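# Observations on chain architecture
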Amino acid sequence: MIDGKRVLAIIPARKGSKGLPLKNIRLLAGKPLLAWPIAAARASAYVDRVIISTDDQAFADIAVEHGADAPFLRPAELASDTAPSIGFILHAIEALAGSGDRYDLIVLLEPTSPLTEGSDVDAALERLAASDADAIVGVSALETSHPAYAVRMRSDGVIDPLQPGGFAAMPRRQDLEPVFGLDGSLYISTIDALRREQGFCHGRTLGYVTARHKAHEVDDLVDFLCIEAIAANLDTILQEEGRTSPSGAR
């Protein structure tokens, strides 16, 4: 609870995945991928309850083993590749409300962003509570992928810069205006705004800047192997940042 408002954390983990089959239960540093966001939510000082939203009982059982609640299974129509995320989120909120368990804020933590920590959740919740905004989402700086360096490829294979002015007009990297991209590390909203806007991103959404090593998402095997290498070297990374290893990171 924060400022008298109850906080629900939802961990989405459907069974189907084309890029990396069964990725949500793939072991990362000896722990199923879905267990990482559960640990982050449970480490938060403000989250009141952590639930799994899944269409598979085996996934639900694994989530419960790692400290989440599994009060229901997600309906099949909300678990397809094409089903919008807002569907399963509102399903979870309404299912809990139907049993008298109501919340004011929702935190969505995806297994595909396993390096998010409880301290990130708390910092984002505190920033949202101190503002007039309705939502806050994780963003990370676009450095090597800055749009100033984007190019189009013509049918003959020749490249043209996306920005006007030609290649000669491309700025030096140190002169670029900082821009950010949604990185999937966390999504937080008031439930009223989520119902009204049907999503987390709108005109009253703040950005929570994610540390570079936490901004990776698992879409395929290459992504997973990169995150596996980061997880295996967290102590070194955190020493460089002047921090100690986060509790529950291993």
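Cut-off values and rules
- Residues numbered from 1 in each chain as written.
- Predicted model: local features only at pLDDT ≥ 70, side-chain atom pairs only at ≥ 80, totals over all residues.
- Heavy atoms only, no water.
- Buried < 20%, exposed > 50% of the residue type's maximum accessible area, 1.4 Å probe, protein only.
- Helix = DSSP H or I, 4+ residues; strand = E, 2+ residues; numbered from the N terminus.
- Pairing = 2+ DSSP bridges.
- Expected span 1.5 Å × (residues − 1).
- Arc of directions from axis to C-beta.
- Contact = heavy atoms within 4.5 Å.
- 1 Å grid on protein atoms, 1.4 Å probe; cavity = no way out; pocket = protein on both sides within 12 Å on 5 of 7 lines; lining within 4 Å.
- Points joined across faces, edges and corners; volume = space filled by probe spheres on them.
- Nonpolar A, V, L, I, M, F, W, Y, C, P; charged D, E, K, R; others polar.
- Phe/Tyr/Trp six-rings, centres within 6.5 Å; stacked < 30°, edge-to-face > 60°.
- Lys NZ or Arg CZ within 6 Å of the ring centre and 35° of its normal.

## Re the pairing of strand E6 (residues 135-141)
The buried fraction of E6 amounts to 6 of the 7 residues, a majority that puts the element mostly inside the structure. The sheet contact formed by E6 and strand E10 (residues 205-209) spans 5 bridges and is parallel. Across the sheet, Ala135 pairs through a bridge with Thr205, a residue of E10.

## Side note on helix H6 (residues 221-232)
Because each turn of an α-helix spans 3.6 residues, side chains separated by three or four positions end up pointing in the same direction. Between the first and last C-alpha of H6 there are 16 Å, a value that for 12 residues agrees with the 16 Å anticipated at 1.5 Å per step. Every buried residue of H6 is accounted for by Phe224, Ile227, Ile230 and Ala231. All buried residues of H6 fall inside an arc of 120° around its axis, so they share one side. Exposed residues lying more than 90 degrees from the buried face of H6 are Val222 and Ala232. Among the structural elements, strand E2 (27-28), helix H1 (35-43) and helix H7 (234-240) are those in contact with the buried residues of H6.

## Quick word on the layout of surface pockets
Volume-wise, the largest pocket comes out at about 410 Å³. Pro12, Arg14, Lys23, Ser85 and Glu110 are, among the 22 residues lining the largest pocket, the residues nearest its centre. Along the lines of polarity and charge, the residues of the lining of the largest pocket split into 8 nonpolar, 6 polar and 8 charged. Each pocket or cavity is described by its volume, and for the second largest pocket that value is around 330 Å³. Lining the second largest pocket we find Ser140, Ala141, Leu142, Glu143, Thr144, Ser145, Val209, Thr210, Arg212, Ala215 and His216. For the lining of the second largest pocket, the per-class residue count stands at 4 nonpolar, 5 polar and 2 charged.

## Considering the packing of aromatic side chains
In this structure the tally under the stated criterion is 1 aromatic pair. Seen from their ring centres, Tyr187 and Phe200 are 5.4 Å apart, and the 45° between their planes marks the pair as tilted. In this pair, Tyr187 is assigned in strand E9 (residues 180-190) and Phe200 in the loop between helix H5 (191-197) and E10, connecting sequence segments 13 residues apart. Residues Tyr187 and Phe200 agree in their burial class; the two are buried. Against the face of Phe224 rests Arg26, its NZ or CZ located 4.9 Å from the ring centre.

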